[in-house]
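Below are the chains, spelled out letter by letter.
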Amino acid sequence: MTKTNNFLVLVIEDDLRLTSVLKTLFEIHDIQAVFAMNGEKSLEIINEMKFDIIICDIVLPDTDGFKILNLLKNKEETKNIPFVFFSAIANPNDIKRGLAMGAADYITKPFLSETLLNKIHSILNLNIKI
Amino acid sequence: MNLGLLDKIYDTFSFGVLIENNNREILYTNKSFRNIFELVNEGEDLKGLYFYKLVEINSKLFIKSENLKTDYIKIHEKGIANEKIFEMLNGKYFKRKYTPIYDNQIIQLHVWTFEDVTNNIEKQIDSDFQNNFYTKILDEIPADIAIFNKKHQYLYLNKTAVADEKTRKWLIGNNDFDYCMYKNINTNKAIERRLNFNIAVETKKTVQLIDEIEQKDGQSKFVLRNFHPVFDSNGNIEIVIGYGIDITKNLRNELIISNQKERISTLINELKEGVFQVDLNGEIISYNQSIVNLLNLNHLEKPEYFYFKLLQGISNLDKAKILTDFKFVSKNKSNKNGFFEITNERNEVKYLSYNVWFSSTIIDGETIIGTLSDITIQHEQNKYLLKNISKEKELNLLKSKFVNISSHELRTPLSIILSSVEIIDLIISKPSKDSFTNAKIFVKNIVNEVLHMTNILNELMIVEQIELGKQKFKPYLIHINDFIENINVGFHPYKDGRYLKTKINDDISNIFIDPELLKHGITNLLSNAFKYSIEKKEPELLVTMKNNQLNFRIKDFGIGIPENEINNLFQTFYRASNAEQYTGTGIGLVVVDYAVKAHKGTVKLKSKLNIGTQFEVSIPLINVQ
């Protein structure tokens, strides 16, 4: 693991219990992350800050992950931000749909932290190469 | 004997006269006598001769002259007046009449007269011929013929009526009663015939009756008997002609046809299916009993229009459908089938199917024939099957929802558990002074999530049982305090540290409920009350008894429910739009609804957004003891 990670992650997740453990996990692994509980809040934050990767739940109180991805892909400033779905919805159709929309990956819950972190790193490295 | 003037008179007679003295010598013959016997002699020449000598002389005149001689001798022996007809070879007939003339009881003279009766006899022969001719015809006719006088005595019978000639002759002048006496048989038949004969005489009209006559072989013979009165020129009855025709064969055929008709009719009437025939205007021609029963009618009256006036208890939509089908059948000369619903006076609904087709026969012309069947049972079965299919679909949908719920609601806690385990692993792999405290936080996380998952699984199982109809209602007597104490376990305190505010009215003691089921219901309402009122005032539970109802009032001061969503709350897996950020499966209220309905109770709710929600569960006192 790298000691310091100079990238910023946005996590869009409404379950406070889950964000609580994710915060701890990211802290342990020295990953800087910002958490948003709903669609509206996340878009506000995206406008204000520059993220290297976005990890987004699908079922959200005010919208869903697909709509957020769609919005981001249609904006010049955000269309290249790697977007990873992070969801309890594990059915193949949703996974296919997410990837087809341009998501970099689709992580199903429950997940191993190692998987999550490896995916973040590999996506960011790939992105840098391009 | 010289008769002088008398002789001249006698000669003018058309009949012959021969007078003999007591010695049988001819005293006198007139001219006509001599003509008949073709005697050329004068009367005087024949005097003193014997009559039979004259016969011998001219025996060639007679067919059998001996007969005449024998007759002559016999008459003289007897000396009694007598007459007889003789046929002559020349084709003539004469009637011989003998009259003895007595004086002092001794025959003095024998007077013979001979009358030419050729004309009469010929007429008689003609008449006899005709008589024979008609008699023969009458005898040959294959019908009993009898002619009666007004007193019902036989004047004539043909051979068919009575074959035996002796009996036939005997019957003339007698009646049926005489016949019965003669034959020593029961007079019933005679009485019946007499009654009908009398009717014919009284009414002056032909009367018919059917006579059943048992024959020697034991079989019955049926005769259609007619008494036909014949009137004279004054309109009075002269004779009554009785004639009978053997109708045994016809009757037997009729009986066979009638039996067949009866059998077919019985068969059709015994059919559970209705059978009917209507003309192209819908007017009833014929129908069986089942039609009346199936259409809930007392009877079918003609001419009523089958599909308009008689189809009572049928919706206008169905009537229009039937009418269209009938029109189609008559127009296209084809067939149609369908079904309709019919309601009787007691509001019982039947489902009837019909099959109608075009028919063209010589007797009825163009008609519509149809059958009607009661398909209520099949319809109910179909409905039941469809219901089961839709239930099956519902269950499949539920299953699919269950998969989604499990996916979302179980995968999230599993993520927390997994991440927590990994964090603990990281903590203990790099021990620090806070390791124990930090690790404990994540262990608690794990425990909470496992409990949460267990709770979800339990609720899902109850709902599944409810949806499958397997959840049983098992009530028993329990004290209210024991019941509430059991409920309170999870809310004293709730996981956020708040306590449920409980109040039970004093007048309640033992209640007859299914505590397990009702506990699920009340607990769910209380959990919601806590869950949706985080950082607000603690929820309240008030148990009261009012108007024969046991009431549980659960009140919270939380986020409330949007008004337009209240009606959807009790649907499986439904969640209010403002509840999405709260964990939940949308099945808690389904359990509440089921538990309350099992107790024949009701749930009412009042809610205001951001002010709070109040549920009131009422259970009838009938279940409270």
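None of the values given here were measured: they were computed from a predicted structure.

Before going further, it helps to examine the nonpolar core. Of all hydrophobic cores here, the largest spans 39 residues; its most connected members are A:L22, A:F26, A:L116 and A:I120. When residues of this core are traced back to their parent elements, those giving at least two are β1 (8–12), α1 (16–28), β3 (53–56), β4 (83–87) and α5 (113–129) of chain A together with α13 (376–429), α14 (435–467) and α17 (588–598) of chain B. For this core, the element with the most residues is α14(B), which contributes nine residues. Counting residues in hydrophobic clusters, the runner-up holds 37 residues, among them B:L526, B:L541, B:I561 and B:V617.

Our focus in this paragraph is the sheet that holds strand β15 (residues 365–374) of chain B. Residue and element names in this part refer to chain B. In spatial order, the strands read β12-β11-β15-β14-β13; together these five strands make up an open sheet with antiparallel pairing. In this open sheet, the two strands that pair with only one neighbour each are β12 (284–287) and β13 (335–343). On average, each strand axis in the sheet is inclined to that of its neighbour by 25°, with strand direction left out of account. In terms of strand pairing, β13 meets strand β14 (residues 349–361) through nine bridges, oriented antiparallel. By the bridge assignment, N335 is partnered in β14 with W357. Relative to β13, helix α12 (residues 316–332) is tilted by about 160°, and along the sheet it contacts β11 (274–279), β13, β14 and β15.

Once that is clear, we can look at the interface of chain B and chain A. Listed by partner, the interface residues are 20 residues for chain B and 23 residues for chain A. Of all residues in chain B, B:H408, B:R411 and B:E422 bury the most surface against chain A, accounting for 25% of the area lost on that side. Inspection of the region where chain B meets chain A yields one salt bridge. At the boundary of chain B and chain A, one finds four residue pairs in polar contact (both at pLDDT 80 or more). Breaking the side of chain B that touches chain A down by element, the ones donating at least two residues are α13 and α14 of chain B. The greatest single-element share of the side of chain B that touches chain A, amounting to 13 residues, is contributed by α13(B).

Residues and elements named next belong to chain B. The pairing of strand β3 (residues 82–87) with strand β4 (residues 93–103) spans six bridges and is antiparallel. Bridging from a neighbouring strand, E87 pairs with Y93 of β4. Examined bridge by bridge, β4 and strand β5 (residues 106–116) share ten bridges and lie antiparallel to one another. Its bridge partner being in β5, F94 is matched across the sheet by D116. With antiparallel pairing between neighbouring strands as the criterion, β4 and β5 make up a hairpin whose turn holds two residues, including N104 at a positive phi of roughly 50°.

Under the criterion given, the structure shown has 22 salt bridges over all chains. The residue A:E76 makes a salt bridge to A:K79 at a minimum N-O spacing of 3.3 Å. Its relative accessible area of 31% is what places A:K79 among the partly exposed residues. The salt bridge involving B:K47 is made with B:E44; its shortest N-O contact spans 2.9 Å. With a relative accessible area of 54%, B:E44 lands in the exposed category. Through salt bridges with shared partners, one network takes in B:D144, B:D176, B:K189, B:R193, B:D211 and B:R225.

All names here are of chain B. Of the voids in this model, the second largest pocket is the one considered here, and its volume is about 1000 Å³. What lines the second largest pocket is a set of 33 residues, among which A161, V162, Y179, R193 and I213 lie closest to the centre. Among the secondary structure elements, those contributing two or more residues to the lining of the second largest pocket are β6 (144–148), β7 (154–157), α7 (165–171), α8 (176–183), α9 (188–203), β8 (207–214), β9 (220–231) and β10 (237–246). The residue makeup of the lining of the second largest pocket, split by class, is 16 nonpolar, six polar and eleven charged.

Another aspect to go through is the side chain of B:N344. Looking at the element boundaries, B:N344 is found in the loop between β13 and β14. At 2.8 Å, the side chain of B:N344 forms a polar contact with the side chain of B:E348.

Turning next to α1(A). Residues and elements named next belong to chain A. Relative to the 18 Å expected for 13 residues at 1.5 Å per residue, α1 spans 18 Å between its end C-alpha atoms, a close match to the ideal helical length. For α1, every residue scored as buried is listed here: L18, T19, V21, L22, T24, L25 and F26. Phi turns positive, to about 55°, at D30, one or two residues after α1.

This part takes up the sheet that holds β1(A). Residues and elements named next belong to chain A. Read across the open sheet, the five strands follow the order β2-β1-β3-β4-β5; overall the sheet is parallel. Each having just a single partner strand, β2 (32–36) and β5 (105–108) make up the two edges of the open sheet. With strand direction ignored, the average angle separating the axes of adjacent strands in the sheet is 20°. Note: β3 against β4, three bridges, orientation parallel. Bridge pairing in β4 places I54 opposite F83.

Rules of the game
Throughout, residues of each chain are indexed from 1 in the direction in which the sequence is written. The naming scheme follows written order: chains are lettered A onward, ligands numbered 1 onward. Totals for whole chains, interfaces and linings use every residue, but because this is a predicted model, local features are given only for residues with pLDDT of at least 70 and side-chain atom pairs only at 80 or more, for both listing and counting. To obtain the side-chain values, all non-hydrogen atoms of the structure were included, while hydrogens and water were left out. Residue types Ala, Val, Leu, Ile, Met, Phe, Trp, Tyr and Cys, when buried and joined through side-chain atoms within 4.5 Å, form a set referred to as a nonpolar core. Between buried and exposed lies partly exposed: a residue is buried under 20% and exposed over 50% of the maximum accessible area for its type, with that area taken using a 1.4 Å probe on protein chains only. Numbered from the N terminus, helices here are DSSP runs of H or I no shorter than four residues, and strands are runs of E no shorter than two. In short, DSSP must find at least two bridges between two strands for them to pair. Every axis corresponds to a line fitted to the C-alpha atoms, with the helix fit spanning only the stretch in contact, and the corresponding angles, defined between N-to-C directions, vary from 0 to 180 degrees. In this description, contact between two residues means that some pair of their heavy atoms is separated by no more than 4.5 Å. As used here, buried area is the combined drop in accessible area, with a 1.4 Å probe, of two parts when they are placed together. The working definition used for a salt bridge is a side-chain nitrogen of Lys or Arg within 4 Å of a carboxyl oxygen of Asp or Glu. Any pair of nitrogen or oxygen atoms within 3.5 Å is treated as a polar contact; in protein, a donor-acceptor pairing is required on top of that, and neighbouring residues in sequence qualify only through side-chain atoms on both sides. Cavities and pockets were defined on a 1 Å grid built from protein atoms only: a cavity is a group of points that admits a 1.4 Å probe but offers it no way out, a pocket is an open group of points flanked by protein on both sides within 12 Å along at least five of seven lines, and a lining residue is one with an atom within 4 Å of any such point. Grid points are joined across faces, edges and corners, and a volume is the space filled by probe spheres set on the points. In this classification, Asp, Glu, Lys and Arg are treated as charged, Ala, Val, Leu, Ile, Met, Phe, Trp, Tyr, Cys and Pro as nonpolar, and every other residue, Gly included, as polar. In a helix, the anticipated span is given by 1.5 Å times the number of residues less one.

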